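Coordinates in review
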Amino acid sequence: MDPFPPPTSGASLLLSFRMHKKTMLIVGGDTLAASRAYAALEADSAVRVLVKGGLGVVCEELRWRSERGQLDVVDWGVLPVAAPDSESKYEHEPGALSEMDRDVAALDRYLAEEPAISLVCITDTLSPSPSTSYARLLAARLARLCRSRRIPVNVTDMPELCDFAFATVHRFVDPATRSKTALQVGVTTNGEGCRLAGRIRRDIVAGLAKEVGGAVVKSLSSPPGDEEGTVDDVEMEGDGEEGEDSGVLTPNRPVPMRGGGSNKEEESRAEATRRHMKWVAQVSEYWPISRLAAMTEREMRAILNGGVGLPAHDGRRRCSCKRGRIPPRRSRDPAIPPFLTLATHSALTKHADLVLSDKLVPAAVLDLVPPHVEVRIARKFPGNADGAQVEMMEAAVDAANRGLTVVRLKQGDPIVYGRAGEEIIYFRSHGYAPLVIPGISSALAAPMFAGIPVTHRGVADSFVVCTGVGRQGRAVKLPGYEQGRTVLVLMGVARLGEVVKALVGPACPGRRDGAAYPVCTPISIIERGSMPDQRGDVESALASVGEQRPPGMMVIGWAVLALGWGA
C-alpha cells in the first residue's frame, strides 16, 4: 500500500486571488459582464469594460457604475491598432484589415499599454450563440492572444478556452452590523453539473449559523503586542493551523504544559506568539459560532491573553446574600440535545445561574441555556489544560460564594477521564458538596454511532477503556493484544503514531502490558462522535493508519468489522 494518497485528476486548484492594485478586463457589456464586474469590485480590483460602442451600448448596471466612477467603459471601436514609434504586424492602411484582425490588433496594443491587467473575462459568447457566430470565433483568437501575454482568460460557455472559472459564491453578512464580512463560500463543479452548483451553494449556506460571518470578524489572529501581525522574527511551528489550508490540521498537537493558577511562568515573546496562534486555532475550531460572533474584541483578547484567571464577561449578575451551591457535575451525553439526560436538561434550562462549559460541548447544547444565564467556556487549549482546570474550579467557587447556582458542563461522562474526582475534592475543600449526574460516555456512544459494537458475541467478549496520553503529556502503558477484546483509546489521536508504534512494536518496555498486536488488527478513528460532521475512518490494519485530526478516539480490535457499517 502506498504511504501517501495518489493524486486523482479532474479537480481545480482553488485559490483566493487578491486583486488589490490589479485590473480585470471584461470584454462584453451585458448583465453577465455586470455580474463579473461587481465580483471584481468587491475584490478591490480596478475594472475596465471593453465593448464596441462604449457607454451607449452597455447594460444599465454597467452604465450606472461607470457614471459613479466605479469602473471604466472603453469603446473598442475607437482603440488605435498600431503601436506608436514601432513597427506592428497589424500596421496597415485603413481598410486593409478585416474586422476581426482589427479587433485583435486593437486589444493587443491595449494590453501592451495596460500592464496592470491581470485577468480577462469574455462574456459575449453566452449561449445560445451559434458556434460560428462572430463573437465565438473572435473569442478563440482573443484567448490565444491573452495566453501569449500570460494573462489568464475566462470565456463564457467555452470551457475549452478557459484558464480559470468563476465559482458560484456567497458572501456572508454580520447580522449584528448588517455589513459584509470577509467570509465567502464558493462552489465549483469543474464543468460537470454546473446548474447544480448554485443549489449546492445555497444548501451549504443554509446549513451554517447566520452568525458565522461575524465570528470570522471576531477571530483575532494577531499575537499579543503585535496587532499588525508581523511575526517574521518568530519561528512558527509547522502545525498547519496558522493558514486556511496548510496541510494536515492537528490543532491539538502535543505542546509543553503551562503551569496553572499562580504557578504560570512568564512567557517570552516567541512563546507568547506560538501560544496565541495555537489558541486562536482552538477557539476557531471548537467554540460555538454564535458565541464567537457575540464576543467583543476586548473579550476575545482577554480569552487569548494567556493571563491567570477565567476572563470575566459582561453578563449582569446580582449578588445574593444566600449561600450558593455547586450541584450536578453536568454532562452532555453525547453531543446532541436529544441524547441529554432529563436531569442534565433540567439543570441547564431551569436551575443554572452560571454555566462553566468545556470547549468541546457543541453549540446545540449551549443553545438550551436561557439567554439570561451566563456561559463561560474553558480555555483548554494546547499546553493550558492544567491552567484552564484551575480557572474553572476557581470560577465555580467564586460564583457559589456569591450565591449563584453553578452548572459545570462537560462532554460524555464526567467520571470517565473527565477530571470529576479532582473537582469534587477541590469543591469539598472549599465547603461545597457537588452533586454528580452521570452521562453517556463517548467511549461507548461514539463507536455505536459509527456502527461499531464494543462487544459482539463470537468476536469480542470484553473491552478496555484507556487514555493515549498521561498527565502532563507523559506516555502511558497500553493494554496488550487479546483477540477477543476491544480496546478504546481516548485522547490519543494527536499521538496516533506513538500509540500505534507502542501497540505493534516487538518490545516496548513501559509502553505495553502484554503481547504485541498483529499489524492486521482493524482500527477505527472516530472524530466528533454523534455530531452532524462525525467522521469514522475504518482501517483494515494498524499498519496502514495515517495522521488524523483531534478530537477523536481509537477503537482497536475485531469488533470494528463486526457489523460492517463503516467498512
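The structure under discussion appears in the preceding block.
Residues numbered from 1 in each chain as written. Predicted model: local features only at pLDDT ≥ 70, side-chain atom pairs only at ≥ 80, totals over all residues. Heavy atoms only, no water.

1. Regarding the overall build of the chain
What the chain contains, in helices and strands, is 15 helices and 18 strands. By the burial criterion, 45% of the 567 residues in the chain qualify as buried. Considering only residue pairs separated by 6 or more positions, the chain has 66% of its internal contacts joining residues 24 or more positions apart. Approximately 29,200 Å² of the chain is accessible, and the part contributed by carbon and sulfur atoms is 53%. (Helix = DSSP H or I, 4+ residues; strand = E, 2+ residues; numbered from the N terminus. Buried < 20%, exposed > 50% of the residue type's maximum accessible area, 1.4 Å probe, protein only. Contact = heavy atoms within 4.5 Å. Areas by Shrake-Rupley, 256 points an atom, 1.4 Å probe, with all protein chains shown as cover.)

2. Observations regarding the pattern of salt bridges
This model, assessed by the stated rule, comprises 22 salt bridges. In this structure, Lys52 engages Glu99 in a salt bridge whose closest nitrogen and oxygen atoms are separated by 2.7 Å. Placement of the pair is Lys52 in the loop between strand 2 (46-51) and helix 2 (60-67) and Glu99 in helix 3 (residues 99-113), with a sequence separation of 47 residues. The partner of Arg402 in a salt bridge is Asp398, and the shortest N-O contact between them spans 3.3 Å. Arg402 sits in the partly exposed class, given a relative accessible area of 23%. Relative accessible area serves as the criterion here: at 42%, Asp398 is assigned to the partly exposed category. (Salt bridge = Lys/Arg side-chain N within 4 Å of Asp/Glu carboxyl O.)

3. Concerning the packing of helix 3 against helix 4 (residues 134-148)
Where helix 3 meets helix 4, the axes come as close as 10 Å, and the angle between the chain directions of the two elements is 35°. Relative to helix 4, helix 3 is oriented so that their crossing is right-handed. Judged by residue contacts, Glu99, Met100, Asp101, Asp103, Val104, Leu107, Asp108 and Leu111 of helix 3 engage Tyr134, Leu137, Leu138, Arg141, Leu142 and Leu145 from helix 4. Class assignment of the residues belonging to the contact of helix 3 with helix 4 gives a composition of nine nonpolar, no polar and five charged. (Axes fitted to C-alpha atoms, helices over the stretch in contact; angles between N-to-C directions. Left-handed = near helix turned anticlockwise from the far one by under 90°. Nonpolar A, V, L, I, M, F, W, Y, C, P; charged D, E, K, R; others polar.)

4. Here's the deal with the environment of Ala388
Position of Ala388 among the secondary structure elements: in helix 12 (residues 385-401). Once the C-alpha coordinates of Ala388 and Asp358 are considered, the two residues, 30 residues apart in sequence, prove to be 9.5 Å apart. Sequence-distant contacts of Ala388, defined by excluding residues within four places in its chain, comprise Arg379 and Lys380.

5. Brief notes about the packing of aromatic side chains
How two aromatic rings sit relative to each other is given by the distance of their centres and the angle of their planes. Counting across every chain of the model gives three aromatic pairs. Here Phe164 and Phe166 contribute two aromatic rings whose centre-to-centre distance is 5.5 Å and whose plane-to-plane angle is 70°, an arrangement assigned as edge-to-face. A relative accessible area of 29% places Phe166 in the partly exposed class. Lying across the ring of Phe166, Arg36 places its NZ or CZ 4.0 Å from the centre. (Phe/Tyr/Trp six-rings, centres within 6.5 Å; stacked < 30°, edge-to-face > 60°. Lys NZ or Arg CZ within 6 Å of the ring centre and 35° of its normal.)

6. With respect to the pairing of strand 11 (residues 406-411)
Burial runs high along strand 11: five of the six residues are buried. As paired strands, strand 9 (residues 354-357) and strand 11 are joined by four bridges and run parallel to one another. Directly across from Leu354, in strand 11, lies its bridge partner Val406. (Pairing = 2+ DSSP bridges.)

7. Observations regarding helix 2
For helix 2, every residue scored as buried is listed here: Leu62, Arg65 and Ser66. Burial along helix 2 is one-sided: seen end-on, the buried residues are contained in an arc of 100°. The exposed set on the far side of helix 2, more than 90 degrees from its buried face, consists of Glu60 and Glu67. Packed against the buried residues of helix 2 are helix 1 (31-42), strand 2 and strand 3 (72-75). Looking at the residues trailing helix 2, positive phi occurs at Gly69, about 75°. (Arc of directions from axis to C-beta.)

8. With respect to unusual backbone geometry
The phi dihedral of Arg150 falls on the positive side, at around 60°, and the residue is not glycine. Tracing the chain through its elements places Arg150 in the loop between helix 4 and strand 5 (153-155). Unlike most non-glycine residues, Arg178 shows phi in positive territory, near 60°. By secondary structure assignment, the location of Arg178 is in the loop between strand 6 (168-174) and strand 7 (179-187). A relative accessible area of 74% places Arg178 in the exposed class.

9. Let's talk about the sheet that holds strand 4 (residues 117-122)
Pairing is parallel in the open sheet, where five strands are placed in the order 3-2-1-4-5. Looking at strand neighbours, the two that pair on one side only are strand 3 and strand 5, the edges of this open sheet. Shown here is a sheet whose adjacent strand axes are inclined to one another by a mean of 20°, direction ignored. Strand direction decides the pairing type here: strand 4 and strand 5, joined by three bridges, are parallel. Each residue of the ladder has a partner; that of Cys121, found in strand 5, is Asn154. Strands in contact with helix 1 are strand 1 (23-27), strand 2 and strand 4; relative to strand 1, the strand with the most contacts, it is inclined by about 175°. Across the face of the sheet, helix 4 comes into contact with strand 1, strand 4 and strand 5 while running at roughly 170° to strand 5.

10. Description of a nonpolar patch on the surface
Residues Leu196, Ile200, Ile204 and Leu208 make up a contiguous nonpolar surface patch of roughly 310 Å² in combined accessible area. Tracing the chain through its elements places Leu196 in helix 5 (residues 194-206). Owing to a relative accessible area of 48%, Leu196 belongs among the partly exposed residues under this scheme. (Patch = residues over 30% accessible without salt bridge, like charges linked within 9 Å, V, L, I, M, F, W, Y side chains within 5 Å.)

11. Regarding the pairing of strand 18 (residues 552-556)
Regular strands show a simple pattern: their side chains alternate between the two faces of the sheet. Where burial is concerned, most of strand 18 is hidden: five out of the five residues are buried. Burial of the side chains of strand 18 extends over both faces: Gly552, Met554 and Ile556 are buried on one face and Met553 and Val555 on the other. Here four bridges tie strand 14 (residues 485-490) to strand 18, and the two strands are oriented antiparallel to one another. Across the sheet, residue Leu490 finds its bridge partner in strand 18, namely Met553. The pairing of strand 16 (residues 523-527) with strand 18 spans five bridges and is classified as antiparallel.

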